Amino acid sequence: MNKKLLLNTKNVKFDDLLKICIKYFGHPRIKGSHHIFKTPWQGDPRINIQKAGKMAKPYQVKIVIEALKKIGVDYESI
């Protein structure tokens, strides 16, 4: 993964986003193509990611960024 990975939400590989989510939220529950992560809070932002080809869906990258901010992670340095 390169630095500043999440700054361009349209250019994030699914595998890179998955690694970030696993690092900060633990291993997902997988239902079909959806990778669903537990968070330490109830409600939004909920982390549910899925592939769009090799890439992550941009709106899901934005949700992960919101969740990282909520737990105090400087996502710009990821």
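Conventions adopted
- Residues numbered from 1 in each chain as written.
- Predicted model: local features only at pLDDT ≥ 70, side-chain atom pairs only at ≥ 80, totals over all residues.
- Heavy atoms only, no water.
- Helix = DSSP H or I, 4+ residues; strand = E, 2+ residues; numbered from the N terminus.
- Rg over C-alpha atoms; globule rule 2.2 N^0.38 Å.
- Buried < 20%, exposed > 50% of the residue type's maximum accessible area, 1.4 Å probe, protein only.
- Contact = heavy atoms within 4.5 Å.
- Areas by Shrake-Rupley, 256 points an atom, 1.4 Å probe, with all protein chains shown as cover.
- Lys, Arg positive; Asp, Glu negative; His and termini not counted.
- Charge placed at Lys NZ, Arg CZ, Asp CG, Glu CD.

Draft legend 1. Representation of the overall build of the protein chain. Per the secondary structure count, the protein chain includes two helices and five strands. For the protein chain, the sequential pattern of α-helices and β-strands runs α-β-β-β-β-β-α. In terms of overall dimensions, the protein chain is globule-like: its C-alpha atoms have a radius of gyration of 11 Å, near the 12 Å expected for 78 residues. Across the 78 residues of the protein chain, 37% fall into the buried class. A separation threshold of at least 6 residues defines the contact pool for the protein chain, and within that pool the share at least 24 residues apart is 48%. For the protein chain, the accessible area works out to roughly 5,200 Å², and carbon and sulfur atoms hold 50% of it. Looking at charge distribution, the protein chain has the averaged site of its 16 positive side-chain charges lying 6 Å from that of its 6 negative ones.

Draft legend 2. Region of interest: the environment of Y24. As for its placement among the helices and strands, Y24 is situated in helix 1 (residues 14-25). In the structure, Y24 is positioned 22 residues away from R46 in sequence and 13 Å away in space, judged by C-alpha atoms. Setting aside its immediate chain neighbours within four residues, Y24 contacts L68, I71, V73 and I78.

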